[in-house]
Amino acid sequence: MSLQKIFFILSVSSCLTMSAQQVWTLEECVDYAIENNLQLNDFEFTELSSKESYRQSIRNLLPNVNGFADYGISFGRQVDPNDNSIVVTDLFSNNYSLSASFDIFQGFQKINSIKASKFLYKAAKEESVQQKYLLAFRVMRAFYDIQFIEGLITISEEQVEISRTNFELVKKQIEVGLMAGADLYEAESLLLADELLLTQNRNRLIAAKLALTQAMNLEGETDISIRPDMDKSEEKEEDKSITSDDVFNTAMEFIPLIKAQELRVKAAKKQVAVARGNLAPRLAIQGGYGTGYFETITDSLGVTIPFRTQFRDNTNQFIGMSLNVPISNAWSGRSRVKQQKIALARAKNNFEIQEQELYQLIQQLVQEYNALTTEVLQTEKRSKSQELAFQIAQKRYEKGLINAIELGRAKTLFATAQNENLQVRLRLKVNRSTLDFYNNLPVFNIN
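Residues numbered from 1 in each chain as written. Predicted model: local features only at pLDDT ≥ 70, side-chain atom pairs only at ≥ 80, totals over all residues. Heavy atoms only, no water.

Located in the positive-phi region is N217, a residue other than glycine, with phi close to 55°. Secondary-structure assignment places N217 in the loop between α5 (181-216) and β6 (225-226). Overall, N217 belongs to the partly exposed group, its relative accessible area being 22%. (Helix = DSSP H or I, 4+ residues; strand = E, 2+ residues; numbered from the N terminus. Buried < 20%, exposed > 50% of the residue type's maximum accessible area, 1.4 Å probe, protein only.)

See below:
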């Protein structure tokens, strides 16, 4: 049976089960996984945290404003706040104040902090997108694993049916005396071996479906039906030329992980500038307003002046500027600059590592693509050749010219050729989709 027939049977079987169970396409599986995967939530939380840090860095440009109020009762020997005399009595007082300060110059620390936090926020967004792509690739591989095993099951069912037919044929020929009883045991052995392989493939399919549902976080489901996606893999692309450098140059422009690391390098540069700002003088302006109420403030008759009057009369205001010039501070400022320079060097090195790993990965993908394109043609020819050889062996077996062992060998070689062709086609499909992704073509519907 040709691969085209196998894919047709898979498509028909999927359509027949559609009414009883949802049939998932690859795009639907990826969309569901991205929507429901819990691990992605952690990266989204990191993104939200970076966003808030960025917003706060902007708010740090605003003045610092603080209010103060107290209420106190003093007992025993103490200083009278009215005339600073020593008294031995209970005193009641409360104070109110409002103060504000604003940094005029601080070595451009706040401006550089805003830029650094903005780069880190953008990097967190890119890393979140990168995780979505990685999840999409895991789902895609699990999806094609199911499709491959379903193809194996179709081939195994065909082999079982052939072995069962041969088994029945041997029984009839034994009845008419054309074959010996030992031939029946050989035919039965081949049938049992094919049935065992079919059972094993069905168990592999259950495990593959479980892997896909887990990758999708499809709760309460261990079984899933997929719609085969092999149309594009049937296209002939022998003339299509793919070079590692072209794919790499395209990938460098949009791969989220590369963009994230590049943004972290920019953030590290700004953090060096922030550290240098600690070495610069700091100029700030302050101002405040205060008042208070004291039980000991009395009029000429010895009566405590009312709260409203004291609140108005006891007011005081102040305004001033301060200049803070760092001189040594145990050399901590220069140490922080050195540490940030080391962090910048590490960020640059990580970027180069990511760049190198990406180029090596693309090299492997291009080499694999070229190899698989050739292997598809070769396995197709081998599958057709083994099918013809098996058909000849089947006819010779029916005429008694070969024994069951020779027939089984021909049948095994035919099944192996079919399996190899199916596997190579699906590997080429995954490889092509991966290269399309690095070529910035629409493979996954991810924003």
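Next, the rest of the story.
Glancing now at the confidence of the model for the chain. Averaged over every residue, the pLDDT of the chain is 86; the share at 70 or more is 90%. Confidence over residues 14-19 falls short of pLDDT 50; this stretch has eight contacts with residues more than four positions distant or in other chains. Counting interchain partners and residues more than four positions distant, the pLDDT-below-50 stretch residues 231-239 has 15 contacts. (pLDDT = per-residue confidence, 0-100. Contact = heavy atoms within 4.5 Å.)

Between helix α4 (residues 109-175) and helix α10 (residues 404-438), whose axes approach to 10 Å, the crossing angle comes to 165°. Taken together, α4 and α10 sit at an angle that is classed as roughly antiparallel. Judged by the twist between their axes, the crossing of α4 over α10 is right-handed. In terms of residue class, the contact of α4 with α10 is made up of 15 nonpolar, 10 polar and three charged. (Axes fitted to C-alpha atoms, helices over the stretch in contact; angles between N-to-C directions. Parallel < 35°, antiparallel > 145°, perpendicular 65-115°, else oblique. Left-handed = near helix turned anticlockwise from the far one by under 90°. Nonpolar A, V, L, I, M, F, W, Y, C, P; charged D, E, K, R; others polar.)

Turning our attention to the packing of α4 against helix α9 (residues 332-398). Helix packing geometry: the angle between the two helix axes and the distance between the axes. Between α4 and α9, the least distance of the axes is 11 Å, while the angle of their chain directions is 15°. As summarised for this structure, α4 and α9 are arranged roughly parallel, according to the angle between their axes. Once α4 is placed against α9, the crossing between them reads as right-handed. On α9, the residues touching I162, N166, L169, V170 and Q173 of α4 are F390, Q394, Y397 and E398.

For the rest of this paragraph, the subject is the sheet that holds strand β8 (residues 316-324). Consider a sheet: its strands pair through backbone hydrogen bonds, and that pairing is either parallel or antiparallel. In space, the four strands of this open sheet follow the order β2-β5-β7-β8, with antiparallel pairing throughout. The sheet terminates laterally at β2 (64-74) and β8, the two strands that pair on one side only. Averaged over neighbouring strand pairs, the angle between their axes works out to 20° when direction is ignored. Where β2 and strand β5 (residues 91-105) come together, 11 bridges link them in antiparallel fashion. Of the residues in β5, the one forming a bridge with V65 is A100. (Pairing = 2+ DSSP bridges.)

Before going further, it helps to examine the packing of aromatic side chains. Tallying each qualifying case throughout the model produces 15 aromatic pairs. Ring geometry for Y54 versus Y121: centroids 6.2 Å apart, planes at 10°, classification stacked. Residue Y54 is located in helix α3 (residues 38-59), and its partner Y121 is located in helix α4; the two are separated by 67 residues in the primary sequence. Accessibility expressed as a relative area gives 13% for Y121, which makes it buried. Ring pairs connect the aromatic residues Y133, F137, F254, F437, Y438 and F444, which therefore count as one cluster. (Phe/Tyr/Trp six-rings, centres within 6.5 Å; stacked < 30°, edge-to-face > 60°.)

A word on the side chain of Q130. Counting through the fold element by element, Q130 comes out in helix α4. Sequence-distant contacts of Q130, that is, excluding residues within four places in its chain, are made with I255, P256 and L257.

In this section: a positive patch on the surface. Side chains of K118, K122, K125, K266, K269 and K348 sit close together on the surface and give a patch of like positive charge. Elements with a minimum of two residues in the positive patch: α4 and α7 (256-277). Of the residues forming the positive patch, the biggest block, three residues, is contributed by α4. Topologically, K122 is positioned in helix α4. Residue K122 is classed as partly exposed on the basis of its relative accessible area, which comes to 37%. (Patch = residues over 30% accessible without salt bridge, like charges linked within 9 Å, V, L, I, M, F, W, Y side chains within 5 Å. Areas by Shrake-Rupley, 256 points an atom, 1.4 Å probe, with all protein chains shown as cover. Salt bridge = Lys/Arg side-chain N within 4 Å of Asp/Glu carboxyl O. Lys, Arg positive; Asp, Glu negative; His and termini not counted. Charge placed at Lys NZ, Arg CZ, Asp CG, Glu CD.)

Scanning the model with the defined rule gives two cavities of 30 Å³ or more in all. Approximately 40 Å³ is the volume attributed to the second largest cavity. Forming the boundary of the second largest cavity are S163, N166, A187, L190, Y397, A404, L407 and K411. Listed by contribution, the elements that provide at least two residues to the lining of the second largest cavity are α4, α5 and α10. Ranked by residue count, the leading element in the lining of the second largest cavity is α10, at three residues. Split by residue class, the lining of the second largest cavity holds five nonpolar, two polar and one charged. (1 Å grid on protein atoms, 1.4 Å probe; cavity = no way out; pocket = protein on both sides within 12 Å on 5 of 7 lines; lining within 4 Å. Points joined across faces, edges and corners; volume = space filled by probe spheres on them.)

Between the first and last C-alpha of α9 there are 92 Å, a value that for 67 residues agrees with the 99 Å anticipated at 1.5 Å per step. The positive-phi residue at the C-terminal boundary of α9 is G400, with phi of around 80°. (Expected span 1.5 Å × (residues − 1).)

On to a negative patch on the surface. Residues E27, E28, D31, E35 and E44 make up a contiguous surface patch of negative charge. At four residues, helix α2 (residues 26-36) tops the list of elements feeding residues into the negative patch. Considering the arrangement of structural elements, one finds E44 in helix α3. On the basis of relative accessible area, E44 is assigned to the partly exposed category, the value being 32%.

Counting residues in each nonpolar core, the largest one holds 76 residues, and the members touching the most others are L212, L358 and Y438. Elements that contribute at least two residues to this core include exactly α2, α4, α5, α6 (244-252), α7, α9 and α10. Once residues lying within four places of it in the same chain are set aside, the contact partners of L358 are F248, A251, M252, I255, I258 and Y438. Core analysis: the second largest hydrophobic core is formed by five residues, F119, A260, L263 and A267 among them. (Core = buried A, V, L, I, M, F, W, Y, C linked by side-chain atoms within 4.5 Å.)

Attention now goes to the pairing of strand β7 (residues 282-294). Inspection of the sheet shows β5 paired to β7 by 12 bridges, in the antiparallel sense. Within the sheet, the bridge partner assigned to S101 lies in β7 and is Q286. Relative to β8, β7 is paired through nine bridges, and the arrangement is antiparallel. Bridging from a neighbouring strand, I285 pairs with M321 of β8.

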